[in-house]
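Notes for the structure review
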Amino acid sequence: MSGRQDLISIAMLRRRATDPARRIGSLFVNPGGPGTSGLHMAYRAERILAPDVVARYDIIGFDPRGVGLSGAVKCFESQEQYEQTFASRLVVPVTKAEVTAAMRAYRDYALLCAGNAGPLLPHLTTLNVARDLDLMRSSVGEEHLNFVGLSYGTMIGATYANLYPERVRAMVLDGNVDPQLRTHNGLEYDRQRAAGLELVLNAFLDYCTAAGSSCAFSEGDVRAKFVLLRERLRQGPVVLPDGTQVTLSNFTGRLVDGLSVAAQLPELARSLADLYELVQQGTEGRRESGPTDVGSAGWFAIPAADVAGRETTGETPYRFGDSGQGFNCLDKPYPPAPTVLPVLARLWEHESPTFGRMHAFEGVPCTVWPVHWWNADRFSGPWNRNTAETVLLLGNRYDAITRYDFARSMASHLANATLVTVDSFGHTALGLNECADEISTRYLLHGELPSPGMTCSANSPAFPTVGA
């Protein structure tokens, strides 16, 4: 915060073009979130951008308002307070007691945010981030904006494009949100995210079946084995031979992690196979003697250090931030009716049996949030202002975080955009797909656009052939 309570400073980090004689301008990058620091993207740009792009642009990373060095919003006074608040909360509560504990934890969280988050909390909207971005553009002497946004960063880009369409020079949006749905119906947005994840999971199981011995989980009826694991975990934790536990919550969260990175799919399959074998052999529970090897099944387990109930001192600085929740609650409209969410959880899991319940409860904090979205300075469209240059969109067909249909929706809402479909698993494509990288590089350097309806193949199959 500055000396004035109505001002904050936005932290920016610039990496100069390595070929200044051929410099094109400044390129702002954002990794998504919301609530994620993007400052060091300036020096991690090679992960998503070709060397030629880094050579010819000054790369600028930044922490959006409320994040990191830009007036970080924190709801907890200590790490211990955070852990105590969420000690009994499960991200996938099933029983009545679990649901009650989760609802209580989220209410307590909202109350702590009201007391501790500070004066920036009501101003955490993507509209304000887009305004900040335009000030940043001007501050580095650029007349037009060059921007690469990943995941939630596509929301920043789409908002900017409709506030300042004449200032868009080059914009790449990868792993797109649905801007219309996100800003008009938070519950439906979350329901569709769950359904999208279910589609990706089903595709993973289908690919595993087709891959045969190249997929460690392929033996027998893959789908039936997966359902058996999920339903077993609904009954309670599986205790592995080394004493660690696999809960439904941790299992579901790790599934999301694994499905979000194409390179992790073989490891995800091995972990499922090892967990299934342990459950089928009845080797649950701690062994007093004998081997305690859990194989890859330990990937799903709760690390012993994270188990709730250890003694706390209340003196450890809070390690995280809460601006991401703030942005979600002001950008995504939710009804102020928390009791609706457990009812929706039961309905959603009929459509999305693995991920529906988890996504329903993600919205609980926003139903009791101390700042109401209808009072916030927020942008909800229209999204059809004609930008000076065409926006390039990338969408993975099997994106576990922002479903492919969201990319198609983004393309339909923006007045001047072209969508490249990447026929791959994983969340976002830049730096992970050679075809998408080549297209984005030609676009950023020369303004070249791909042919309409362009599709990029995956770099490699989801399960490479054994011995290849």
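The following paragraphs examine the structure supplied in this document. (Residues numbered from 1 in each chain as written. Predicted model: local features only at pLDDT ≥ 70, side-chain atom pairs only at ≥ 80, totals over all residues. Heavy atoms only, no water.)

**Quick look at the overall build of the protein**
- Of the regular secondary structure elements, the protein holds 16 helices and 10 strands.
- Taken over the C-alpha atoms alone, the protein extends approximately 70 × 55 × 40 Å along its principal axes.
- Here the protein holds 468 residues, and the buried ones make up 54% of them.
- If you take every contact in the protein between residues at least 6 apart in sequence, the share linking residues at least 24 apart comes to 79%.
- Surface accessibility of the protein: about 19,800 Å² in total, with carbon and sulfur atoms responsible for 49%.
- Charged side chains of the protein number 42 positive and 50 negative; the gap between the two group centres comes to 4 Å. (Helix = DSSP H or I, 4+ residues; strand = E, 2+ residues; numbered from the N terminus. Buried < 20%, exposed > 50% of the residue type's maximum accessible area, 1.4 Å probe, protein only. Contact = heavy atoms within 4.5 Å. Areas by Shrake-Rupley, 256 points an atom, 1.4 Å probe, with all protein chains shown as cover. Lys, Arg positive; Asp, Glu negative; His and termini not counted. Charge placed at Lys NZ, Arg CZ, Asp CG, Glu CD.)

**Brief notes about the pattern of salt bridges**
- A full pass over the atoms with the stated rule returns 25 salt bridges.
- Asp134 is paired through a salt bridge with Arg137; the nearest N and O atoms lie 2.8 Å apart. Placement of both Asp134 and Arg137 in helix α4 (residues 126-139) is noted, with a separation of 3 residues, approximately one turn of the helix. Take Asp134 and Arg137: they sit in the same class, and that class is buried.
- For Glu267, the salt bridge identified is with Arg270, shortest N-O distance 2.9 Å. (Salt bridge = Lys/Arg side-chain N within 4 Å of Asp/Glu carboxyl O.)

**Description of the pairing of strand β9 (residues 417-425)**
- Counting buried residues in β9 gives 7 out of 9 residues, a clear majority hidden from the surface.
- Of the crossover connections in this fold, the one passing from strand β8 (residues 391-398) over helix α15 (residues 404-413) to the parallel β9 is right-handed.
- Of the strand pairs in this sheet, β9 and strand β10 (residues 455-457) are connected by 3 bridges, and their pairing is parallel. Its bridge partner lying in β10, Thr421 is registered against Thr455.
- In the classification by handedness, the crossover that spans β9, the intervening helix α16 (residues 434-446) and the parallel β10 is left-handed. (Right-handed = clockwise from strand over helix to strand, strands pointing away. Pairing = 2+ DSSP bridges.)

**Structural notes on the packing of helix α7 (residues 186-211) against helix α8 (residues 222-234)**
- The interhelical angle for the contact between α7 and α8, taken along N-to-C directions, is 130°, at an axis separation of 9 Å. In terms of axis orientation, α7 runs oblique to α8. Here α7 contributes Leu201, Asn202, Leu205, Asp206, Cys208 and Thr209 to the contact with α8, which in turn contributes Val222, Arg223 and Phe226. (Axes fitted to C-alpha atoms, helices over the stretch in contact; angles between N-to-C directions. Parallel < 35°, antiparallel > 145°, perpendicular 65-115°, else oblique.)

**With respect to helix α3 (residues 96-116)**
- With 21 residues, α3 ought to run about 30 Å at 1.5 Å a step, and its terminal C-alpha atoms sit 30 Å apart, in line with that.
- Turning to α3, its buried residues number three or more, namely Val99, Ala101, Ala102, Met103, Ala105, Tyr106, Tyr109, Ala110, Leu112 and Cys113.
- Those residues of α3 hidden inside the fold are in contact with α2 (79-85), α11 (323-331), α12 (340-351), α13 (356-362) and α14 (364-367).
- Among the residues trailing α3, Gly118 stands out with phi positive, at a value near 95°. (Expected span 1.5 Å × (residues − 1).)

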